[in-house]
Amino acid sequence: MRNTSMVDYNRPLMIAYIAPSITPLTGNNAGYQLYQVDAKTFEVTGVQTYFANVSDSLNWVAPVWEFEYDTRTTYNVNGTWPATAPLNATFWNDVTYSMLSNQSLVETYNLLETKSSVTTPNCSTKACGQQKVCYIRSGSATLGNACPQNDGPF
């Protein structure tokens, strides 16, 4: 039996990659991701995201997929994450710490979360940034409900 009282809740425990949806929620654009995975360790070493702007869908015969961003390039804002290091829980923990002091990074994350939708809610306040980081760190909608609800998109 695992002793869960020994868990250090001040350090990241795990990571879950949740890919965007081809059939998105209302107001979001469709998206998909390409993952590079180390064949020996199964660690994610790269992620590229593509989106289709549903606002233009009446002009399509088929969805027009556009490159949106590369995870390592976009979120390694200080350039300190080694190029060969996996995009693991420690990487994302560092991203959330960067977000707490870099509102521009919060706004970038917020926009990319909806696949660059024109209906992306504004998240330009410090309170919204703190709420966004809390929600990212929570790892689930249920735990995310414990995050402050006073000034953000949730």
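Everything here concerns the structure above.
Please read all numbers here as calculations on a predicted model, not as lab measurements.

1. Some words on the state of the cysteines
Note on terminology: disulfide describes a covalent bond linking the sulfur atoms of two cysteines.
Then comes step 1: Within the structure shown, the criterion is met by two disulfides.
Then comes step 2: Disulfide pairing is shown between C123 and C128; the S-S distance is 2.1 Å. What sets the handedness of the C123 and C128 disulfide is the S-S torsion sign, and at about -115° it is left-handed.
Then comes step 3: Assessed through its relative accessible area of 2%, C123 is described here as buried.
Then comes step 4: Shown here for the protein is a disulfide pattern of 1-2, 3-4, where each number marks a bonded cysteine counted in sequence order.

2. Comments concerning the packing of helix α2 (residues 89-101) against helix α4 (residues 126-138)
Then comes step 1: Interaxial distance between α2 and α4 falls to 9 Å at its minimum, and their mutual angle equals 170°. Relative to α4, the element α2 is oriented roughly antiparallel. Two secondary-structure elements touch here, α2 through N93, T96, Y97, M99 and L100 and α4 through Q130, K132, V133, I136 and R137.

3. Quick word on the pairing of strand β1 (residues 30-37)
Then comes step 1: In terms of strand pairing, β1 meets strand β2 (residues 44-52) through eight bridges, oriented antiparallel. Across the sheet, residue Y35 finds its bridge partner in β2, namely V47.

4. Considering a nonpolar patch on the surface
Then comes step 1: Taken together, Y35, V37 and F42 make up a surface patch of nonpolar side chains, about 310 Å² in accessible area.
Then comes step 2: Mapped onto the elements of the fold, V37 is located in strand β1.

5. Looking at the pattern of salt bridges
Side chains that differ in charge, positive against negative, can pair when their charged atoms come close.
Then comes step 1: Within this structure, the stated rule accounts for two salt bridges.
Then comes step 2: For the salt bridge of K115 with E68, the shortest nitrogen-to-oxygen distance reads 3.3 Å. Here K115, found in the loop between α3 (103-113) and α4, pairs with E68, found in strand β3 (residues 65-70); they are 47 residues apart in sequence, far enough to count as distant.
Then comes step 3: Assessed through its relative accessible area of 14%, E68 is described here as buried.
Then comes step 4: One salt bridge connects E113 with K132, and the closest N-O pair in it is separated by 2.6 Å. Here K132 lies in helix α4 and E113 lies in helix α3, a separation of 19 residues in the sequence.

6. Concerning α4
Then comes step 1: Spanning 13 residues, α4 covers 18 Å between terminal C-alpha atoms, matching the ideal 18 Å at 1.5 Å per step.
Then comes step 2: Immediately downstream of α4, the backbone of G139 shows phi near 80°, a positive value.

7. With respect to α2
Then comes step 1: Taking 1.5 Å per residue as the helical rise, α2 with its 13 residues ought to reach 18 Å, and the 19 Å between its terminal C-alpha atoms agrees with that figure.
Then comes step 2: Among the residues making up α2, those that are buried are A89, F91, W92, N93, V95, T96, S98 and M99.
Then comes step 3: Summarising the contacts, the buried residues of α2 are in contact with α1 (71-75), α3 and α4.

8. With respect to the packing of aromatic side chains
Then comes step 1: Taken as a whole and assessed by the stated rule, the structure comprises eight aromatic pairs.
Then comes step 2: Ring centres 5.0 Å apart and planes at 75° place the aromatic pair Y32 and W65 in the edge-to-face group. Within this pair, whereas Y32 is found in strand β1, its partner W65 is found in strand β3, the two being separated by 33 residues in sequence.
Then comes step 3: A relative accessible area of 28% means that Y32 is categorised as partly exposed.
Then comes step 4: Here the aromatic rings of Y50 and F67 are separated by 5.5 Å at their centres, their planes lie at 75°, and the arrangement is edge-to-face. Here Y50, found in strand β2, pairs with F67, found in strand β3; they are 17 residues apart in sequence, far enough to count as distant.
Then comes step 5: The exposure class assigned to Y50 is partly exposed, which follows from its relative accessible area of 21%.
Then comes step 6: The exposure class of F67 is partly exposed, given its relative accessible area of 46%.

What counts and how
- Residues numbered from 1 in each chain as written.
- Predicted model: local features only at pLDDT ≥ 70, side-chain atom pairs only at ≥ 80, totals over all residues.
- Heavy atoms only, no water.
- Disulfide = S-S within 2.5 Å.
- Buried < 20%, exposed > 50% of the residue type's maximum accessible area, 1.4 Å probe, protein only.
- Axes fitted to C-alpha atoms, helices over the stretch in contact; angles between N-to-C directions.
- Helix = DSSP H or I, 4+ residues; strand = E, 2+ residues; numbered from the N terminus.
- Parallel < 35°, antiparallel > 145°, perpendicular 65-115°, else oblique.
- Contact = heavy atoms within 4.5 Å.
- Pairing = 2+ DSSP bridges.
- Patch = residues over 30% accessible without salt bridge, like charges linked within 9 Å, V, L, I, M, F, W, Y side chains within 5 Å.
- Areas by Shrake-Rupley, 256 points an atom, 1.4 Å probe, with all protein chains shown as cover.
- Salt bridge = Lys/Arg side-chain N within 4 Å of Asp/Glu carboxyl O.
- Expected span 1.5 Å × (residues − 1).
- Phe/Tyr/Trp six-rings, centres within 6.5 Å; stacked < 30°, edge-to-face > 60°.

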